[in-house]
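Here is what each chain is made of, one letter per residue.
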Amino acid sequence: MSYSIGEVSQTTNIPISTLRYYDREGMFPKLARSNGGIRVFSEKEVATIKVIDCLKNTGMPIKDIKNFLDWGEEGDASLQKRQQLFHERLEEVTKQMAALQETMNTIKYKCWYYDTAMAAGTEAVVKELPLEEIPEEVRAYKL
């Protein structure tokens with residue numbers, strides 16, 4: 001199956017300009033073109049785009065993603081490098097998720113704090129509340 005750049009953009013939610021940039025950077029070395037020079041994406045390029053997006057979401061720079069894609073073109077000779085890269089990304093995402101969990105916990109506490117203050121009509125009630133009267137599910141997140 002083949003797709004136009006617009007179709008790929010729509011299904012991946014990646015702007016056409018970004019897809020063109022990836023192409024200029026050599027991330028789709030076997031990308032076909034129509035007789036008129038229009039990019040024709042295959043399932044392989046769509047799968048590559050999903051991997052690029054995944055790696056970008058981990059905070060990986062584009063130049064490093066390009067290196068990874070180049071390793072893929074090398075075949076089994078680069079298998080260990082690609083394995084190591086994904087283990088490093090897993091570690092990075094695990095750290096990011098822990099940081100996001102802490103952020104969410106703070107937000108949960110603040111939601112409880114302001115909900116309670118609004119219900120009481122004053123923030124003083126919450127500020128004077130003994131620790132043991134704060135609900136257990138948010139108590140640990142008190143700043």
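Values in this document were obtained by computation on a predicted structure and should not be read as measured data.

## Describing the overall build of the protein
Regarding its fold elements, the protein presents seven helices and three strands. Sequence-ordered secondary structure for the protein, helices as α and strands as β, is β-α-α-β-β-α-α-α-α-α. In summary, the protein has a C-alpha radius of gyration of 24 Å against a globular reference of 15 Å for 143 residues, an excess of more than 25%. C-alpha extents for the protein along the principal axes are approximately 75 × 35 × 25 Å. Residue pairs in contact within the protein that sit at least 24 positions apart in sequence constitute 47% of those at least 6 positions apart. When the accessible surface of the protein is totalled, it reaches about 9,800 Å², and 54% of it is carbon and sulfur.

## Side note on the side chain of T12
In this structure, T12 sits in helix α1 (residues 5-12). Polar side-chain contacts of T12 include one of 2.7 Å to the backbone oxygen of V8.

## Quick word on the sheet that holds strand β3 (residues 39-42)
The three strands are arranged β1-β3-β2 in an open sheet whose pairing can be described as antiparallel. Edge positions in the open sheet fall to β1 (2-3) and β2 (32-33), since each of these has one partner strand only. Note: β2 against β3, two bridges, orientation antiparallel. Within β3, the residue paired with A32 across the bridge is V40. Along the sheet face, helix α3 (residues 43-57) touches β1 and β3 and points at about 80° away from the line of β3.

## A word on α1
For α1, the full list of buried residues reads I5, V8, S9 and T12. Take α1 and look down its axis: the buried residues cluster within an arc of 100°, on one side only. In α1, the exposed residues that point more than 90 degrees away from the buried face are Q10 and T11. Residues of α1 that are buried make contact with β1, α2 (16-24), β3 and α3. One or two residues past the end of α1 sits N13, with phi positive at roughly 60°.

## With respect to the packing of aromatic side chains
According to the stated counting rule, one finds six aromatic pairs in the structure shown. The interplanar angle of 55° and the centroid separation of 6.2 Å between the aromatic rings of Y21 and Y22 together place this pair among those described as tilted. The interplanar angle of 40° and the centroid separation of 5.7 Å between the aromatic rings of Y109 and W112 together place this pair among those described as tilted. Of this pair, Y109 and W112 are both found in helix α5 (residues 79-120), three residues apart, which corresponds to roughly one turn of the helix. For Y109, a relative accessible area of 4% corresponds to the buried category. Following the ring pairs from residue to residue traces out a cluster consisting of Y109, W112, Y113 and Y114.

## Some points on the UniProt feature "domain: HTH merR-type" (unreviewed entry) in the protein
As recorded in UniProt, the feature "domain: HTH merR-type" (unreviewed entry) lies at residues 1-71. Counting secondary structure, residues 1-71 comes out at 59% helix and 11% strand; the distance between its end C-alpha atoms is 25 Å.

## A word on unusual backbone geometry
Of note, N13 is a non-glycine position whose phi angle comes to about 60°, a positive value. Locating N13 in the fold gives a position in the loop between α1 and α2.

Cut-offs and rules
Residues numbered from 1 in each chain as written. Predicted model: local features only at pLDDT ≥ 70, side-chain atom pairs only at ≥ 80, totals over all residues. Heavy atoms only, no water. Helix = DSSP H or I, 4+ residues; strand = E, 2+ residues; numbered from the N terminus. Rg over C-alpha atoms; globule rule 2.2 N^0.38 Å. Contact = heavy atoms within 4.5 Å. Areas by Shrake-Rupley, 256 points an atom, 1.4 Å probe, with all protein chains shown as cover. Polar contact = N/O pair within 3.5 Å; in protein donor to acceptor, adjacent residues only side chain to side chain. Pairing = 2+ DSSP bridges. Axes fitted to C-alpha atoms, helices over the stretch in contact; angles between N-to-C directions. Buried < 20%, exposed > 50% of the residue type's maximum accessible area, 1.4 Å probe, protein only. Arc of directions from axis to C-beta. Phe/Tyr/Trp six-rings, centres within 6.5 Å; stacked < 30°, edge-to-face > 60°. UniProt positions renumbered as here; feature names shortened; annotations may be inferred.

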